Amino acid sequence: MEYAQIVIPDLISGAKITYTIFFFTLIFSVPLGLILAIFGLSRFRLLKAAIVAYIWLFRGTPLLLQIFFVWFWLLPYMGVSANRLVAVILTFSLNYAAYFAEIFRGGIQSIDRGQYEGCHVLGFTYPQTMRLVILPQVVKRVLPPVGNEVITLVKDTALAFAIGVRDLIRVAQTTASRDFRVDVYLYAVVFYLASTLILTWLLKKAEQRFAYYE
Amino acid sequence: MSEDFLQISGLCKNFGSLAVLKNVTFSVRRGEVVAVIGPSGSGKSTLLRCLIRLETMQRGSVALAGRALVRQDADGRSHYPPESETRPLLRKMGMVFQSFNLFPHRNVLENIIAAPLTVARQPREEAIAAADRLLAKVGLTDKRLNYPFELSGGQKQRVAIARALAMNPEIMLFDEPTSALDPELTGEVLRTMRDLAEEKMTMLVVTHEMSFARGVAGKIIFMDGGEVIEEGAPAAVLDNPRHPRAKAFFAQTP
Ligand SMILES: Nc1ncnc2c1ncn2[C@@H]1O[C@H](COP(=O)(O)OP(=O)(O)OP(=O)(O)O)[C@@H](O)[C@H]1O
Ligand SMILES: [Mg+2]
C-alpha cells in the first residue's frame, strides 16, 4: 500500500497527459471527420479525390509511423517548434478524423433519399437539410461505431510513449524499470479499464437519449 | 377563375438514353383538380418530380402563375432561370409522397412547423397556431406530440399533407398518396384530399383511385409510355377512352 502512495501521484500526472491527448483528439477529429464526410459526398470532384487520398493515407499506414513522421520530419520541416504533446494530438486528430469521416459518410448515406426530397419540396436549402434533418438522424446511427473508435482511442493514446510523451504508459514504464517491479503496470491497467468503463456507460446513456424514436 | 395556373408545354425528360417523358403538354387551372392516371412506369412520378425540380428536364417549359419556372429556347431546349426568380415560384408548390417522408426524429407538431420556421421564417407562436389549425383540419389534434413511428400510415400521410399545407402552397402535387396504405386506411386520406378540393385548392394528383378521380377531378390525364394519350373530363376519359392502350388499362382496373 505504501508503494501505491508513492507511485499513484506520478501515475495521475501521466493519466492527465493521456486524458489530454484523448480529449483534444476528440475535440478536433470529430468536426474534421464530419467536414471530410460532407465534402467527400459533395460534387466537387477534386476535393472528393483529395479526401479519398487523405483517408487512404491515414487509414493505410500505422499510426505509430504517422506520429514519427509528424514529429521527426513534418514539424521540423515546416519550422514549427511544437512540443511532443502537440505533435501527438495533431497526428491523432488527423488520423481519427479519417476514421470518423468514413463512419459519418456511411451514416449520411444510410439516410433515406426521401428525407432529402421531403426537405426539398418544403423549400429547405441544402445546409438547412443537413443541419436540421439529416445530421440529427446520422448521430443516432453512428453512435455505436463512433463509440467503438472512442474506446480504441483511449488505448491508442499509449502510442504517444514512442516519442517520449510522459503519458500513463511512459510513467508506468519508467517507474517499473526504476524500482525493478512490474506491479505498477497493474495500476495502469486499472486506469485504462476504469476509463473505458466510464466511457462505455456514457455511450450507453447517449444511445438511450436517441432511442426516443423508431 | 379559369386562368391556367400551371402550364406544361413540350416537356421531355430522359434518364440517359431512356426517354421517360415525351412531349408532355397540359395545363391546370386555378382551383382545379387534375388526376394523372396510367400504368406503372409511364412517367407519372417523373412528371411531378420535374415540376417541383427533383429532376431536371431536357426539353419544354413550365410556367406557374404566368411566370416561367422552366423556359425553352427556339429549339425547345429547357433553360432554368436563376434561383432568385424561381425560388418564390417553387414555394407556391407543395408535394406529398407515397412514402410520406416525415422526419422520424421530430414529433408531429415539429414536423409541421419545421419549414414555416426555417424557410418562411414565421414567428414560432404563429407557426404553432397555424399547425394546430391544420392538425384540427386533418383530424389529428390528439397526435400533436406523437412521433411518426407511433402513427398509422393514414395518419402519417395526413400529417404529411398538413406539413405541406403549412407552407401555404397554391398548388399541391400528390404522388400516389394512398398507394402505400392498407386499403382500410385510404379513405381517411382521400377524405382529407376531398376537403382540400372543396376549398378550391389547385391539385395535381397521381392516383390509382378511380373513384376519387371520377368524383373529385375536373380533368383526367392518362399517360402511357411517357406520353399523354388521353385528356379530358373524367366521364369522357374513364368511360369512353379512345386510345386502345387506355381502353386496355381501364378494362383491367375496376
Ligand atoms: N432515377 C432514375 N433513373 C433512371 N430511370 C428512372 C429513374 N426514375 C425513373 N426511371 C424510369 O422512368 C420510367 C418512369 O418512371 P416513373 O417512376 O415516373 O413511373 P410511374 O408512372 O410513376 O410508375 P408507378 O406507377 O410505378 O409509380 C420508368 O421506366 C423508370 O424505370
Ligand atoms: Mg410513381
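Scoring rules and cut-offs
Residues numbered from 1 in each chain as written. Chains lettered and ligands numbered in written order. Predicted model: local features only at pLDDT ≥ 70, side-chain atom pairs only at ≥ 80, totals over all residues. Heavy atoms only, no water. Helix = DSSP H or I, 4+ residues; strand = E, 2+ residues; numbered from the N terminus. Rg over C-alpha atoms; globule rule 2.2 N^0.38 Å. Buried < 20%, exposed > 50% of the residue type's maximum accessible area, 1.4 Å probe, protein only. Contact = heavy atoms within 4.5 Å. Areas by Shrake-Rupley, 256 points an atom, 1.4 Å probe, with all protein chains shown as cover. Lys, Arg positive; Asp, Glu negative; His and termini not counted. Charge placed at Lys NZ, Arg CZ, Asp CG, Glu CD. Buried area = accessible area lost by both parts, 1.4 Å probe. Salt bridge = Lys/Arg side-chain N within 4 Å of Asp/Glu carboxyl O. Polar contact = N/O pair within 3.5 Å; in protein donor to acceptor, adjacent residues only side chain to side chain. Nonpolar A, V, L, I, M, F, W, Y, C, P; charged D, E, K, R; others polar. Near = heavy atom within 4 Å. Phe/Tyr/Trp six-rings, centres within 6.5 Å; stacked < 30°, edge-to-face > 60°. Lys NZ or Arg CZ within 6 Å of the ring centre and 35° of its normal. Pairing = 2+ DSSP bridges. Axes fitted to C-alpha atoms, helices over the stretch in contact; angles between N-to-C directions. Left-handed = near helix turned anticlockwise from the far one by under 90°. Expected span 1.5 Å × (residues − 1). Bend = angle between axes of the 7 residues up to and from the residue.

Draft legend 1. How the structure looks around the overall build of chain B. Counting secondary structure elements, chain B contains 9 helices and 11 strands. Relative to the 2.2 N^0.38 estimate, which gives 18 Å for 254 residues, the radius of gyration of chain B is 18 Å and therefore close to what a compact globule would have. The dimensions of chain B, computed from C-alpha atoms along their principal axes, are 50 × 45 × 40 Å. Residue burial in chain B is summarised as follows: out of 254 residues, 56% are buried. By sequence separation, contacts in chain B at least 24 residues apart represent 63% of the contacts at least 6 residues apart. Counting every atom, chain B has about 10800 Å² of accessible surface; 47% of that belongs to carbon and sulfur. When the 32 positive and 29 negative side-chain charges of chain B are each reduced to one mean point, those points stand 3 Å apart.

Draft legend 2. Examining the interface of chain A and chain B more closely. On the chain B side, the residues contacting the 21 residues of chain A number 24 residues. With both sides pooled, the region where chain A packs onto chain B buries about 2000 Å², and carbon together with sulfur makes up 62% of that total. Linking chain A to chain B there are 1 salt bridge. The shortest N-O distance in the salt bridge between R49 of chain B and E117 of chain A comes to 2.8 Å. Taken together, chain A and chain B are joined by 9 residue pairs in polar contact (both at pLDDT 80 or more). Secondary structure elements with two or more residues in the side of chain A that touches chain B: α5 (113-122) and α6 (126-156) of chain A. Ranked by residue count, the leading element in the side of chain A that touches chain B is α5 of chain A, at 9 residues. Taken together, the residues of the side of chain A that touches chain B break down into 9 nonpolar, 8 polar and 4 charged.

Draft legend 3. Geometry of the site of ligand 1. All names here are of chain B. Taken together, F15, V20, P39, S40, G41, S42, G43, K44, S45, T46, E176 and H208 are the residues near ligand 1. A distance of 2.6 Å separates an oxygen atom of ligand 1 from a polar atom in the side chain of S40. The contact in question runs from an oxygen atom of ligand 1 to an N or O atom on the backbone of S42, over 3.2 Å. Within the complex, 61% of the 640 Å² of free accessible area of ligand 1 lies under protein. Take the shell around ligand 1: its biggest share by element is 3 residues, from helix α1 (residues 44-51). For the shell around ligand 1, a count of residues per class yields 3 nonpolar, 7 polar and 2 charged.

Draft legend 4. Quick peek at the packing of aromatic side chains. Counted according to the given criterion, the structure contains 16 aromatic pairs over all chains. Among the aromatic residues, ring-to-ring pairing joins F92, Y96, Y99, F100 and F104 of chain A into one connected group. Over the ring of Y99 of chain A we find R59 of chain A, and its NZ or CZ is 5.9 Å from the ring centre. Its guanidinium or amino end placed over the ring of F103 of chain B, R163 of chain B lies 4.4 Å from that ring's centre, counting from NZ or CZ.

Draft legend 5. Local environment of the sheet that holds strand β8 (residues 171-175) of chain B. Residue and element names in this part refer to chain B. Pairing in this open sheet of 6 strands is mixed, and the strands run β7-β8-β9-β3-β10-β11 from one edge to the other. Edge positions in the open sheet fall to β7 (93-96) and β11 (227-232), since each of these has one partner strand only. The average undirected angle you get between the axes of adjacent strands in this sheet is 15 degrees. Sheet topology places β7 next to β8; 4 bridges connect them, and they run parallel. Note that in β8 the partner of G94 across the bridge is M172.

Draft legend 6. Region of the structure containing the packing of helix α2 (residues 45-60) of chain A against helix α4 (residues 84-109) of chain A. Residues and elements named next belong to chain A. With their axes 9 Å apart at the nearest point, α2 and α4 run at an angle of 115 degrees to one another. The two elements α2 and α4 meet at a crossing, and its hand is left-handed. Residues Y54, I55, F58 and R59 of α2 touch α4, and the partners they reach there are L94, N95, A97, A98, Y99, A101 and E102. Taken together, the residues that form the contact of α2 with α4 break down as 8 nonpolar, 1 polar and 2 charged.

Draft legend 7. The arrangement of helix α1 (residues 2-40) of chain A in detail. Over its 39 residues, α1 of chain A runs 55 Å from end to end, which matches the ideal 57 Å to within 8%, given 1.5 Å per residue. Most pronounced at I8 of chain A, the bend in α1 of chain A amounts to some 35 degrees, and the proline P9 of chain A follows within four residues.

Draft legend 8. Representation of the side chain of Q137 of chain A in the model. Its location among the elements puts Q137 of chain A in helix α6. Beyond its immediate sequence surroundings of up to four residues, Q137 of chain A is in contact with I111, Q115 and Y213 of chain A together with P104 and H105 of chain B.

Draft legend 9. The environment of A188 of chain A, seen in detail. Residue and element names in this part refer to chain A. Position of A188 relative to the elements: it lies in helix α8 (residues 183-209). Relative accessible area serves as the criterion here: at 4%, A188 is assigned to the buried category. With residues near it in sequence (within four places) discarded, A188 still touches L168 and A172.

Draft legend 10. Seen up close, the pattern of salt bridges. Enumeration over the complete set of coordinates arrives at 19 salt bridges over all chains. For R59 of chain A, the salt bridge is made with E102 of chain A, and the minimal N-O distance between the two is 3.7 Å. In this pair, R59 of chain A is assigned in helix α2 and E102 of chain A in helix α4, connecting sequence segments 43 residues apart. Across the pair D183 of chain A and R181 of chain A runs a salt bridge whose closest N-O atoms are separated by 2.8 Å. Residue classification places D183 of chain A among the partly exposed positions, given a relative accessible area of 25%. What emerges from the salt-bridge pattern is a single network uniting R113 and E117 of chain A together with K13, R49 and E55 of chain B.

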